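# Working through the structure, step by step
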Amino acid sequence: MRGKTRIAPSILAADFNELGEELRKIEVGGADWVHVDVMDGHFVPNITIGPVIAKSVRSATKLPLDVHLMIEQPERYIKDFVDAGAATVGVHVETCPHLHRTVQQIRGAGARACVVLNPSSPAALVEPVLGDIDQVLVMTVNPGFGGQKFIESMLPKIETLRRWIDDGGHDVALEVDGGIGPETIGRAAVAGADVFVAGTAVFGAPDYREAIAALKRAAKDALDAR
Ligand code: DX5
Ligand code: ZN
């Protein structure tokens, strides 16, 4: 069943000179989770942050950390990120030949297990483990950078996953990441997503509280209009 609408601002778009203050502003502004984008310069072209920064994010906010690992061999770093305070750890199917083992490793370390699909990866890759995970993340851009355009052709994949989650009675959140803003969130919500990552749409806005409220409102309006 669809969960409540959650907004997870991605700190990739935040001002890292003022990270503590940025986190405070999204927390009082109504954010539900903090999305932490980890990139290794191999699986994706960009390099971002590691467990050291994740730990300092943890100490600066009460919001749960949703850690998105865009790294090769993610199993090598799961424990480090859980120790740093991750509530959820997401791994890409494209990096996990032994996905069932890796999601067990995440849960065994004490975090929620999330499986992430690149735009070119089909929903079927996650179907066999839907009963073993807490979240699926459908990438709606190619991972690596913030500020990209939402890929509309991902909507049928979100619909398929919503159907499989509901039909199977799985307690699995359905998250989307990339190009989410007031213009796109409604379509993703109607397709079945209930967790929305937003970098530019929150940290690029003058008022984070208003930006988060606008996202929630746009999702609700689209769902109500169905
Ligand atoms: C992309 C990251 C996203 C990114 C989203 O590789 O996984 O989380 O920060 O940024 P926006 O919301 O600007 O598309
Ligand atoms: Zn992300």
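Whatever comes next refers back to the structure up there.
Every value quoted in this text rests on a predicted model; they were computed, and no experiment measured them. (Residues numbered from 1 in each chain as written. Chains lettered and ligands numbered in written order. Predicted model: local features only at pLDDT ≥ 70, side-chain atom pairs only at ≥ 80, totals over all residues. Heavy atoms only, no water.)

### Topic: the site of ligand 1
The criterion, for reference: By convention in these notes, a residue is near a molecule or strand provided one of its non-hydrogen atoms lies within 4 Å of it. N or O atoms within 3.5 Å of each other form a polar contact, as long as, within protein, one can give a hydrogen and the other can take it, and as long as residues adjacent in sequence are counted only when both atoms are side-chain atoms. Here, Shrake-Rupley sampling with a 1.4 Å probe gives the accessible areas, and only protein chains in the shown set may cover a residue. Only DSSP runs of H or I with at least four residues qualify as helices, and only runs of E with at least two residues qualify as strands; both kinds are numbered from the N terminus onward. Residues are grouped as follows: Ala, Val, Leu, Ile, Met, Phe, Trp, Tyr, Cys and Pro are nonpolar; Asp, Glu, Lys and Arg are charged; every other residue, Gly included, is polar.
In the vicinity of ligand 1 there are 20 residues, among which D37, G144, D177, G199 and T200 approach most closely. Taking D37, its side chain carries an N or O atom lying 2.7 Å from an oxygen atom of ligand 1. The separation between an oxygen atom of ligand 1 and a polar side-chain atom of H68 is 3.2 Å. Relative to its free-state accessible area of 390 Å², ligand 1 is covered by the protein chains to the extent of 98%. If you list the elements that add at least two residues to the shell around ligand 1, you get strand 2 (34-39), strand 3 (65-70) and strand 8 (195-198). Residue contributions to the shell around ligand 1 peak at three residues, all from strand 2. Residue composition of the shell around ligand 1, by class: eight nonpolar, 10 polar and two charged.

### Points about the pattern of salt bridges
To keep it simple, the criterion reads: A pairing counts as a salt bridge when a side-chain nitrogen of Lys or Arg comes within 4 Å of a carboxyl oxygen of Asp or Glu. Accessible area is worked out with a 1.4 Å probe on protein chains only. A residue is then buried under 20% of its type maximum, exposed over 50%, and partly exposed in between.
Using the criterion set out here, one finds 11 salt bridges in the structure. The partner of K216 in a salt bridge is D32, and the shortest N-O contact between them spans 3.0 Å. Remark: D32 occurs in the loop between helix 1 (19-28) and strand 2 and K216 occurs in helix 8 (residues 208-224); sequence separation between them is 184 residues. Residue class for K216 comes out partly exposed when judged on its relative accessible area of 27%. Its salt-bridge partner being K79, residue D83 comes within 2.6 Å of it at the nearest N-O pair. Taken as a pair, D83 and K79 lie in helix 3 (residues 78-84) at a separation of four residues, close to a single helical turn. Under the relative-accessibility criterion, K79 is labelled exposed at 54%.

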